[in-house]
Every structure is written in structure tokens, then in C-alpha cells.
Amino acid sequence: MKIFFLLTFSTIFLTSFEQASASAHYDKILTHSRIRARDQGPNVCALQQVMGTKKKYFSTCRNWYQGAICGKKATVLYECCPGYMKMDGMRGCPAVAPIDHVYGTLGIVGATSTQQYSDMSKLREEIEGRGSFTFFAPSNEAWEQLSSEIHRNLVDNVNIELYNALHHHMINKRMLTKDLKNGMTLVSMYNGQKLLINHYPNGVVTVNCARVIHGNQIATNGVVHVIDRVLTPVGNTIQDFIEVEDDLSSLRAAAITSDVLDILGRPGHYTLFAPTNEAFESLPRGILERIMGDKVASEALVKFHILNTLQCSEAIMGGAVYETLEGNTLEVGCDGETLTVNGVKMVKRKDIVTSNGVIHLIDKVLIPDSAKQVIELGGAQQTTFTDLVAQLGLASSLRPEGQYTLLAPLNGAFSDDTLQMDQRLLKTILQNHIIKVKIGLNELYNGQELETIGGKLLRVFVYRTAVCVENSCMVRGSKEGRNGFIHVFRQIIKPAEKTLHEMLRNDKRFSVFLSLVKAADLDDVLSRPGEWTLFVPTNDAFKGLTDDDKDILIRDKNALRNILLYHLTQGVFIGSGFEPGVTNILKTIQGGKLYLKTVNDTLLVNELKARESDLMATNGVIHVIDKLLYPADLPVGNDQLLTILKKLIKYIQIKFVRDSTFKEIPLTFYNPSITQLTKLIEGEPEFKIVREGETITKVIHGEPVIKTYTKIIDGRPVEVTEKKVTEERIIQGPEIKYTRITAGGSDNEEKIKKFLEEEVTKVTKFIEGDGHLLEDEEIKRLLQGAGTEYTKVTKVIEGEPQIIEREIKKVHLEEAPVRKVQANKRTQGGSTRRRTRLAYS
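First, a word on scope: everything that follows refers to the structure included in this document.

What counts, and at which threshold
- Residues numbered from 1 in each chain as written.
- Predicted model: local features only at pLDDT ≥ 70, side-chain atom pairs only at ≥ 80, totals over all residues.
- Heavy atoms only, no water.
- Phe/Tyr/Trp six-rings, centres within 6.5 Å; stacked < 30°, edge-to-face > 60°.
- Helix = DSSP H or I, 4+ residues; strand = E, 2+ residues; numbered from the N terminus.
- Buried < 20%, exposed > 50% of the residue type's maximum accessible area, 1.4 Å probe, protein only.
- Lys NZ or Arg CZ within 6 Å of the ring centre and 35° of its normal.
- Pairing = 2+ DSSP bridges.
- Contact = heavy atoms within 4.5 Å.
- Axes fitted to C-alpha atoms, helices over the stretch in contact; angles between N-to-C directions.
- Disulfide = S-S within 2.5 Å.

**Quick notes on the packing of aromatic side chains**
In this description, a pair of aromatic rings is defined by centroid distance and the angle of the planes.
Here is step 1: Applying the stated criterion across every chain yields a total of four aromatic pairs.
Here is step 2: Residues Y26 and F58 carry aromatic rings whose centres are separated by 6.3 Å and whose planes lie at 90° to one another, so their mutual orientation is edge-to-face. On the criterion of sequence distance, the pair formed by Y26 in helix α2 (residues 25-36) and F58 in the loop between β2 (56-57) and α3 (61-66) is long-range, its members being 32 residues apart. Taken individually, Y26 and F58 each receive the classification buried, so the pair is uniform in this respect.
Here is step 3: Taken together, a centroid distance of 4.6 Å and an interplanar angle of 65° make the contact between Y117 and W143 edge-to-face. One end of the pair, Y117, is in helix α5 (residues 112-120); the other, W143, is in helix α7 (residues 140-145), and 26 residues separate them in sequence.
Here is step 4: Here the aromatic cluster, defined as three or more aromatic residues joined through ring pairs, consists of Y463, F573 and F578.
Here is step 5: Over the ring of Y57 we find R211, and its NZ or CZ is 4.0 Å from the ring centre.

Structure representation (C-alpha cells):
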């Protein structure tokens, strides 16, 4: 029970301490300043003073180690911490400052001007007497900075104006800095006027945006905090100020149009960066008219100038990022005495305090991405792309009401050769970087296909730390505009045009490797649709390989397949998609493992440098290497083969285990090609000869492929199952249909059968390019009189099918039911005919 009580008490105590300390940032920073000055003696605090000014700060660690405040060099000062004082002949500040009433304390902290004005206004008697007060006392420099007109009005009417002004700096209870919570509103002793308190994480405490520069000087009847400016009464809201300020009429019109002005009249703690009329006038007229004519864009524009927190200029000691009401962020910083927004000096007047926030007047209009057209989203690193899009007339095709996605390469991706090519080709390249629909980064998933305005389909590949489209991967910098997204890419995107097999066949560097692929009967693997990564050795990898060596390799087809399929892995892996410096392990079709990583933008495969990477094919990607790959753990049991491999592979020690054999790798790891069939149609005799140049087109429906992939929805992976049905339209070569007689014994029958067999041979030759077709009438004439007792079977000889059109239909199984396809259909006459059946091995 005692243990439980102690634990409970400790928890309550720590929680209370954390809550108290959460709002005591000033005191924490003061403690750090005391620690930094501990070598100077007891009760000494280290401050930073901005060079060339009288501004002094108890600094954060960041400012202290940077040795600068607001980008300006700061010198270090050592002073007595608040409440302590020096003694002659002793180090540091060993003595406690005397405690006096509030009036006397003003003199102790050096606020002698405020003390003097308290005398003049007859306030002295009050602050020397009974009570509990908090006095936010302007420093002597603060009174000097007051405009001469205001200062004269105060001094000329000390009994009313000055007295009321000093009362406006007071509240009738004692509040230390730890009691001054961020966002607190206090009631002053003058006419119930509000004092807005802000207590920032960097230790700065402000009262109506005046900074406390010396806090917590205890008095017998209260406490004194010295501030850096004279407070003026606050009564109006931000909305009130906008409505009466002539220089904000353009902002007022935009705020009314977008229904945002009313928000600024509500209670809150807002910061408004208010563009002046001159700022609006400097915008291109077309852009301003477009935004003002679009309520969504105009609302985004106005809200982008509003923070939902109150940021006084004196609290900003360096750059910080703040969220706007529009949803995106602004970076607010300082450069000496000037505020900056997104790194630009634009604040003309700062700290106009209202009852619900603060206003800073700026001379530029801030346009958020959400109010921009997609082509306007390009940054400094994508100017080549955006300029070319405009110059080649593609920008005009991006309609404001449309939806697009720009895949913008970095400026460095455009070589001189690319920029100097024919403009028609360059335009085609750019069209491959503009997607027809609006797609955000979190909507992209592996295996997705994106259609460009040029009609090309681009494939998306999602890896652990990268998202790539074809050969190019994204870099940071995606933005969403009014009519689309822009994503930034490292290289120019090059859509694939050829299969892996076609790419090998068209490049003489790979002739030896391709001949071995053919010998191993793997041509079809590299020709058919799929997703493969192929590591292709150049001919240099086979130097020293004799014809006899090659024959030995080819004769052992099982060994050859093991070697070649160690170069092939399932899936498309882009070199630039790998996390730099991290080893990635890929399982090959052979069963062994490949170890890949990128170092200095170079792909390493089993520590061998790739000569060239990311050559995209329609069914995969090629990485070019100059060595033959071989699994280090795979033994060889044949002396001849060992000798050959040692000629080609010198970077690893190949194991030899006599009589060991390579495992057989069946070609079931991919979808084989359609086997050509002979089709038999039973029924009445049918005579048809297709002459030279004539073709027959028909449709073959492929077997459905069920595919499961992961899609990122709202930042979370979701498994999606999809059915893909391939429909191929086939042009079939010339064919002949003839009647084969299966019964009867007349001489005429034998003559007809022999004649037909001869003609079938001719037709077969014709399909290959020779021969002469038999006319229909000759067959009919020979068949006349054959009798009705014969059973007749029509046989069809078909040529090689040529695919002329392929349609792939995708169905998300969770969204639409799978329909059953009827195997048999009736012809117009009602009889059932057997359709071609697709055979898969």
C-alpha cells in the first residue's frame, strides 16, 4: 500500500511539474544562461547582444552555438541574473537585490523614465501603497522610440493621458513569467483594456507584442517586468482594421469574395501577413483575374496569408515554419530588424496588434500552390522542363478546368543533345511527361499504368525508399496545384518500346549471350509479356570462349539454363530505385541470390560494376554487365565445364564436386506461348479456299490472370486483387478447307482422296510462300457423285497467327463480380461449333 501511495504521489508530482514547466520557457532559458556563465561567478547570466544594436537576449541553444540572432552576429555579455547584484571586490553577483515597493523597484531595474512619469502623473502614491500589482514597465529606450507626437500628447496631459497610459501597463495582481501563459488575455487597470500575452518556446514573453527584456523583479507589493516598447490600447479586430485601411482595399475585396473576412472578425490568435494594394498591382493581370474569378483559388490565396497562431516580430530570432489556414506552411524568419517570409524581405510594417491577433503589412502577394495552375508549380530546378512545355505549345493544352500530372525532370536531366534535337521529337518526349489525370504521390502503387497525353502507357514501380516511373525515380518536391500535381524526377522518362528479346537482338554487344539464350530454348521467356530484371553480359564477358567450349555448354542444356537463369529475376528493379549504400538481395529464377547495391549512382551486382543500367523493355529492365555471373555456392561436377567457367569467371572461386549435377529447371515459371492447333469441325462438307492476300481475323480470349498488389491509400498499404483478361485479335494466314472421305470403296473415292492430299500439300507450300491454289469448282466437280454414304469431316489447315490487336481488361475483384464466360456459343443456324482451345504447357 505504501509503495502504491509513493508511486501515485510521484506520478502526480511529476505531472504537475511538467505542466508547470511547459509554460515556463522564459525560466528555462534563464537557467541555461546561468549555466553558460557559471565560470563568471555566482548568479551571473550570459546574454547575447546583436551587434550594432542595444538588443539583448537570453538565448536558445541554437542561437548560442550559431553566435547569431536573426542572421546578425551577436556578442556575449555577462550580467547579474534578475534579482541579484554585485558587491565590491567579489566575483559574480553574490548579493540579493533589495526588495522595495513597485515605485522603488522601477529604479532598481533601471526603468527611470517610467519612474519619472509615475511621479508626473501622480501614480507614485498608488504604486508605493498597499496592493498587488504587475507593472509592465517600458525601458528608457522604449520611451525614446515613441513618436514625438504621441510623447508630446502624453506629457502635455499628465493627469489624464499619461496616467491612463501607465495604468494600461498594469494589472491588479502579481504575475511572474511562469504565470504568463501563451495565448492568455489579461485585463489592464485602464478601462478594461486587453493585454495579449504570448509565451514562446524560445523563452520570449510578449505583452501586446512588446518583449519582456527583464522579468520577475519582485516588489513588496507586486512584480515589475521591463518591456521594450510603450503599449497602446487595443480595441479593433483584424477584420475591423482591414475594413478601414485604405491601403488594403484589394485584400479586402479578395477576402469578401472568398468569404474569409468574417473569420478575421472572430475571437482568436491570428497572424495576418497583409499584402498592400501595391503588392496586388504587381501581379500579372491574367494571374490575378484567374484567381479572383475562381472562388476556391481566391479562398486559398487569402487563407495562405493567415496563421492560426500569434507571431510577434520580437519573438522571431531565426527561421521557423508555421501552418497557414490554407493548410500549407510559411517560413517566417528575420534578417536583422526586418522580418522575412519564405526567405524574402517583404514586411513593410510589423506588429499591428488587434484584439484577436497581429498584422504585418507586406509588399508581395503570397500565392499558394493550391491556387496555381499545374504548370506554375515548377520550381527553380525544373525551369528547363516548364520553359520547353511553354515554348512547344503544350502549356496551352493544360486547361484550367482539366486534371493533369506533370512528371518534371530536373534541369540537369536535359543534355545539350536533347535540347538540340528536332522540335517534333522533343515535343513527343515532353508529352511522355504529362499524364491525363491528376494523381498524387499517395495514389501511386506498384504495377500501375499511367496514360500520357501522347497515348503512351507508363509503368509505376514502388520500392522501399523510392517511387519510379519507367527508368526515372522521383526526388522530393511534389506539389499539388489547382488543376494537377507536379512530381520531380531525376532523369528524362523513356517509355519502353521493345521486349527484352528484341533489345538483345538489336544490340551487337549481346550476340553471344543471345545465342546461348536461344540454345537453351529461353527465347520465349524474353519475348512474352512479363516483369523481369535481366543482367546481360556483353560479348567481352565471353572472351576466350572457343567454338568447342560453346558446343560443350550448349550440349549440357541443364547447366546452360542454370547459368543463364541466374541472370534473371522476377520483378522490375530499377537501379536508381535502390536505397544508396544498402545491399538488396534478389532471388533469381535459377534459385540463387544476387546482391545489389548502388554506390555513387553506380549499380553493383555481386560487387561487379554495371556498365549501364535501367534499359527499359516492355517486359522488364536490362542492366548491362561485363562479366558472366555465377552463384558462388553452386558446385560444378564436370571437368570440361569447370575449365570453361574458369576461363570466363575469375572474380570468384568456383566449387568443384565431382559428379555433382545441376538441377533441372522446368519452364513453368512463365506463361508459355499459345500452341498452334488443328481445328476439326464436324458437319456437312464445306468448300473454301482463301487466295493469296486474303486473311481471316478472329478473337482469342486469354485465360484470366489474377494479380494481387499493394496500393497506398491515405498513407496506408491496402491489398487489392485484380483480374486481368487478355483479348487478342488474330490475323490467320491462308487456309484451305477440304473434305476427307472416311467410308466407301470406289475408284472415284481413291482418286478424290489422292487429289485432295496433293492439293493440301500445295496449300501448305503456299502458306510458306510458294504454290498454286486449287479452285473451288474443281473440288466440287470431283466430289459430285461420291454418294451419300460417306461420313464427311472438314479439316482446317491454319497458318501462323499474327497478333494485330491486344485488349487487356482489368477488373478489381472487390469492386465487380467475376463473370463466367460461356464456353460454347450457337451459330446463326443453331448448330454448336467447337471453338479453338488455348493449350498451355
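From this point, things continue past the structure.
**What about the sheet that holds strand β10 (residues 194-199)?**
Here is step 1: The strand order across the open sheet formed by seven strands is β8-β7-β13-β12-β11-β10-β9, and the pairing between neighbours is mixed. The sheet terminates laterally at β8 (170-171) and β9 (185-187), the two strands that pair on one side only.
Here is step 2: Pairing analysis gives three bridges linking β9 to β10, with the strands arranged antiparallel. Counterpart to L186 in the pairing with β10 is L195.
Here is step 3: The sheet strands contacting α2 are β10, β11 (205-207) and β12 (210-219), and the helix crosses β12 at an angle near 80°.

**Details of the state of the cysteines**
Here is step 1: What the rule picks out here adds up to five disulfides.
Here is step 2: Between the sulfur of C468 and that of C473 lies a disulfide, 1.9 Å long from S to S. As the torsion about the S-S bond is roughly 85°, the C468-C473 disulfide counts as right-handed.
Here is step 3: A residue is classified by how much of its surface remains accessible, and C468, at 0% relative accessible area, is buried.
Here is step 4: Assessed through its relative accessible area of 1%, C473 is described here as buried.
Here is step 5: Each bonded cysteine of the protein chain gets a number by its place in the sequence, and the pairs then read 1-4, 2-8, 3-5, 6-7, 9-10.

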